[in-house]
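Residue-level structural notes
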Amino acid sequence: VLAIVLVVLWLTLQWGILPNLHLWRGAVEQHASRALGLPVTIGALRARSTGFIPDIELSDVVVHDPSHREALRLTRVAGRASLRSLFTLRPHFTQLLIESPTLDIRRDARGRLHVAGLALDSGKDHKKAGGGEGADWLFEQAEVMVRGAAVRWTDEQRAAPPLLLEQVLGYG
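Note that the structure is a prediction, hence the values are computed from the model and not measured.

Here we come to the overall build of the protein. Scanning the protein from terminus to terminus reveals four helices and eight strands. For the protein, the α and β elements follow one another from N to C terminus as α-α-β-β-β-α-β-β-β-α-β-β. Counting across all 172 residues of the protein, residues that qualify as buried make up 34%. Within the protein, residue pairs in contact and separated by at least 24 positions form 49% of the contacts whose partners lie at least 6 positions apart. In the structure as shown, the protein presents an accessible area of about 10,800 Å², 64% of it carried by carbon and sulfur atoms.

Spelled out as structure tokens, the structure:
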């Protein structure tokens, strides 16, 4: 009975869900926006099956800060889904590749730091302000690789021109 249930679930995934994954883009944007506490847009959402476990790819993902400025741009995010996703009903990946992200780090005129649109307030519980969930989820993944990243530092307190660091690599 368990084998039949697993086959039915796999067939539903392969022929029902994965070919129509692009239709879920709006729901994924809303979920990500709620989790981060910031507006998130996704240019495209695709999946391909290379066996039992599908590969998921998002392109042109943008996180906006509260002033609707672009705070984080992910050109391409590709991941191999984990079986853990089936049991937790939450996306988990055995491998996650983030290509060409652009991260905005900003110090505002009052001296507060903002990373990817999230204010870093040492005196407040960051999870209650939104933003802790996204970082927690990222660090739960088995393997994360970042290629070709750019970090833009803007210092509004000093009114200095933005500093751009390019081709930053990361692996964890």
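Let us keep going from here.
Attention now moves to the environment of G79. Counting through the fold element by element, G79 comes out in strand β3 (residues 70–81). Overall, the relative accessible area of 7% leaves G79 in the buried class. With 62 residues separating them along the chain, G79 and Q141 place their C-alpha atoms 10.0 Å apart.

Attention now goes to the packing of aromatic side chains. Scanning the entire structure with this criterion turns up one aromatic pair. Aromatic side chains F93 and W137 sit 6.1 Å apart centroid to centroid with 90 degrees between the ring planes, which places their arrangement in the edge-to-face category. Note that F93 is positioned in strand β4 (residues 93–107) and W137 in helix α4 (residues 132–140), a separation of 44 residues in sequence. F93 sits in the buried class, given a relative accessible area of 12%.

Looking at the protein, pLDDT values average 84 and 90% of them are 70 or higher. Scored below 50 in pLDDT, residues 125–129 shows seven contacts in the model against residues more than four places distant or in partner chains.

If you trace the backbone, A149 turns up in strand β7 (residues 144–155). For the pair A149 and R73, spaced 76 residues apart in the sequence, the C-alpha separation amounts to 9.8 Å.

Moving on to unusual backbone geometry. A positive phi is found at D60, a non-glycine position, where the angle reads about 55 degrees. Note on placement: D60 falls in strand β2 (residues 54–64). Owing to a relative accessible area of 36%, D60 belongs among the partly exposed residues under this scheme. One non-glycine residue, H68, adopts positive backbone phi at about 65 degrees. Relative to the helices and strands, H68 resides in the loop between β2 and β3.

Rules used in this analysis
- Residues numbered from 1 in each chain as written.
- Predicted model: local features only at pLDDT ≥ 70, side-chain atom pairs only at ≥ 80, totals over all residues.
- Heavy atoms only, no water.
- Helix = DSSP H or I, 4+ residues; strand = E, 2+ residues; numbered from the N terminus.
- Buried < 20%, exposed > 50% of the residue type's maximum accessible area, 1.4 Å probe, protein only.
- Contact = heavy atoms within 4.5 Å.
- Areas by Shrake-Rupley, 256 points an atom, 1.4 Å probe, with all protein chains shown as cover.
- Phe/Tyr/Trp six-rings, centres within 6.5 Å; stacked < 30°, edge-to-face > 60°.
- pLDDT = per-residue confidence, 0-100.

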